[in-house]
Amino acid sequence: MSESSPNRWAERLADVARASLVAGLVWMGVDIASAQTIDAKALYQQHCAVCHGEQRTGAMGPALLPESLVRIRPAEVLEVITHGRVATQMPGFAQQLSTAELAALAAFVRTPVLPTPRWSDEDIRASRVFHPAPPGEPAKPRWTADPINLFVVVEGGDHHISLLDGDTFEVITRFASRFALHGGPKFTPDGRYVFFGSRDGWITKYDLWRLRVVAEVRAGLNMRNVAVSGDGKWVMAANYLPHSLALFDADLNLRQTYAAATLDGKSTSRVSAVYDATPRNSFVVALKDIPELWEISYDPQAAPIYDGLVHDYKMGEAIAKPGFLGVRRTPLDEPLDDFFFDQSYRHALGATRPKTGDGAATAQVVNLDVRRKIADLPIAGMPHLGSGITFAWNGSTVLASPNLKGGAIDVIDMKTWKPVATVPTPGPGFFMRSHENTPYAWTDSMMSPAARDTMTIIDKTTLQPVATVKEPGKTLAHIEFTKDGRYALASVWEMDGALIVYDAATFREVKRLPMSKPVGKYNVWNKITRSEGTSH
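Residues numbered from 1 in each chain as written. Predicted model: local features only at pLDDT ≥ 70, side-chain atom pairs only at ≥ 80, totals over all residues. Heavy atoms only, no water.

*Asks:* Describe the sheet that holds strand β23 (residues 408-413), listing the residues and the values that go with them.
*Replies:* Strand order in the open sheet made by the four strands is β21-β22-β23-β24, with antiparallel pairing throughout. If you trace the sheet from one side to the other, it starts and ends with β21 (389-393) and β24 (418-424), each paired once. Here the average twist between neighbouring strands, direction ignored, is 30°. (Pairing = 2+ DSSP bridges. Helix = DSSP H or I, 4+ residues; strand = E, 2+ residues; numbered from the N terminus. Axes fitted to C-alpha atoms, helices over the stretch in contact; angles between N-to-C directions.)

Below, the structure is given as structure tokens:
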């Protein structure tokens with residue numbers, strides 16, 4: 001590559017960024033002439049950089065990168081810049097800036113940062129904050145609830161966490177979280193500690209018994225999720241930016257980073273997801289841009305790893321790599337966007353979203369022992385396998401997954417990998433949940449403009465809908481059950497939302513707690529026991 005090639009590439013990226021900015025401003029109603037004269041970058045440096053960082057990577061305030069804002073509507077971004085955010089240090093700028101300048105800033109923070117920001121091991125280590133336990137702190141809860149029937153509720157509206165007693169449905173405490181948590185909280189095996197991951201890369205370790213933050217660290221600039229090992233000793237973070245995995249000990253000291261790259265290092269990838277596979281003593285990792293599934297064992301006795309083809313000495317076949325914390329690669333035909341495990345943890349079931357708007361999604365079964373794909377999953381539309389569930393049916397075990405595009409639930413026999421039923425729903429949904437002690441599975445239709453207010457309840461024996469619950473005109477989503485499966489908790493996914501407690505047998509509302517867009521709630525017992533009715 002000639003020396004001028006990188007410069008030409010940077011110039012092209014800059015042109016794309018400028019074009020994106022102008023297009024965004026025009027979309028917001030600013031005329032082209034004004035859009036081309038406003039220096040949005042200068043406005044950002046003057047008004048925003050002190051809190052959000054010169055490269056928009058975050059400081060006192062959250063990162064303002066396109067990857068971090070992907071789930072936030074442009075109108076929401078404009079609203080916050082204009083009027084600020086209640087109960088935070090984010091002020092509004094309606095009095096200092098014109099309508100066109102406000103729109104310019106809102107569009108600017110959704111454009112790529114050039115050059116691409118970097119985040120090194122040294123940056124990770126420097127970001128860590130640790131709060132030691134006070135002298136003489138007792139190792140017992142400060143409250144009297146059942147410690148394994150707690151719910152951790154993520155309130156996305158104002159970025160808070162509520163800790164809920166799963167027996168009385170009373171809030172034990174409420175505390176501020178990092179901006180835009182994502183990927184679901186993960187618990188240590190005893191249920192005492194929970195780890196949260198945010199889109200802008202922060203991991204927070206929180207003591208549920210003593211109600212305090214233990215440690216925080218920034219693993220990356222844009223993070224997908226975190227996973228906690230089955231023995232509670234390791235935490236792994238999956239990053240979009242940089243293209244990496246970061247491995248920490250239980251107190252969030254960095255132990256190692258992994259470049260998400262092909263074996264020869266020529267191609268890198270965003271990391272789609274990392275999940276713990278406790279029965280295998282390993283983390284399993286999906287890459288978004290490279291057709292590989294990785295397994296990283298935290299078993300000190302793990303078998304050695306042999307990369308490359310047989311007798312391919314250039315690839316180091318004759319020299320084994322340590323199996324402990326090493327990368328064991330499974331080649332695939334195409335990358336996976338997300339996946340989940342069967343109950344044996346021998347298989348990863350993953351989906352790949354379409355590469356074009358009119359393309360088709362695909363789903364596949366990967367055997368982690370033989371390290372290859374063994375079946376295609378016959379699921380139409382765009383399955384959201386990360387929220388799939390499994391349950392017993394007719395002497396077999398079946399998989400049921402919500403669908404982001406189709407108004408139906410496909411049910412697949414996990415012995416034959418063939419469809420056994422298609423269950424109609426009012427519209428496409430995102431979450432599906434059940435419990436071992438209930439005969440029903442609940443699924444939302446939150447992706448449907450017309451049916452987002454409807455939750456469908458499915459009989460797991462007949463594989464037919466038997467009831468619906470509704471919250472007219474509002475988004476009703478994300479079910480989670482109590483430890484014993486007697487109650488189902490749903491979210492009214494609105495800024496002035498609520499948590500609704502339903503009797504899981506009669507489907508009647510038992511209690512309603514006002515909350516600020518409760519995007520998810522997570523029962524400690526169901527998570528640490530890897531319940532078949534919830535995501536892992």
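*Asks:* Lay out the sheet that holds strand β3 (residues 160-165) in plain terms, naming residues and giving numbers.
*Replies:* Ordered by their spatial adjacency, four strands build an open sheet running β4-β3-β2-β33, and the pairing between neighbours is antiparallel. The two strands at the open ends of the sheet, each matched to only one other strand, are β4 (171-176) and β33 (518-523). This sheet shows a mean twist of 20° between the axes of neighbouring strands, independent of strand direction. Alignment of strand β2 (residues 150-155) against β33, held across five bridges, turns out to be antiparallel. Among the inter-strand pairings, phenylalanine 151 is bridged to a residue of β33, identified as asparagine 523.

*Asks:* I'd like a rundown of the pattern of salt bridges, residues and numbers included.
*Replies:* Applying the stated criterion across every chain yields a total of 22 salt bridges. Its salt-bridge partner being arginine 174, residue glutamate 155 comes within 2.9 Å of it at the nearest N-O pair. Taken together, the residues glutamate 155 in strand β2 and arginine 174 in strand β4 connect sequence positions 19 residues apart. The structure contains a network of salt bridges with shared partners spanning Arg280, Glu295, Arg346 and Asp369. (Salt bridge = Lys/Arg side-chain N within 4 Å of Asp/Glu carboxyl O.)

*Asks:* Hey, could you go over the packing of helix α5 (residues 74-83) against helix α6 (residues 99-108) for me, with residue numbers and the actual values?
*Replies:* When two helices pack together, their arrangement is captured by the angle between the axes and the distance separating the axes. Two elements in contact, α5 and α6, have axes whose closest approach is 9 Å; the angle formed by their N-to-C orientations is 130°. As the angle between them shows, α5 and α6 are arranged oblique. Pair α5 / α6 crosses with right-handed handedness. Contacts between α5 and α6 involve Val77, Leu78, Ile81 and Thr82 on the former and, on the latter, Leu102, Ala103, Leu105 and Ala106. (Parallel < 35°, antiparallel > 145°, perpendicular 65-115°, else oblique. Left-handed = near helix turned anticlockwise from the far one by under 90°. Contact = heavy atoms within 4.5 Å.)

*Asks:* Give me the nonpolar core: which residues, what numbers.
*Replies:* A general tendency of soluble globular proteins is for nonpolar side chains to be buried together. Ranked by internal contacts, the top residues of the largest apolar core, which has 25 residues, are Val152, Ile161, Phe187, Phe196 and Leu208. Of all the secondary structure elements, the ones that give two or more residues to this core are β2, β3, β6 (193-197) and β33. In terms of residues, this core owes the most to one element, β2, which gives three residues. In this structure, leucine 208 is in contact with Trp143, Val152, Leu163, Phe187, Gly191, Arg192, Val194 and Val524, ignoring residues within four places of it in sequence. Ile72, Val109, Phe179 and Ala180 belong to the second largest nonpolar core, which has 21 residues in total. (Core = buried A, V, L, I, M, F, W, Y, C linked by side-chain atoms within 4.5 Å. Buried < 20%, exposed > 50% of the residue type's maximum accessible area, 1.4 Å probe, protein only.)

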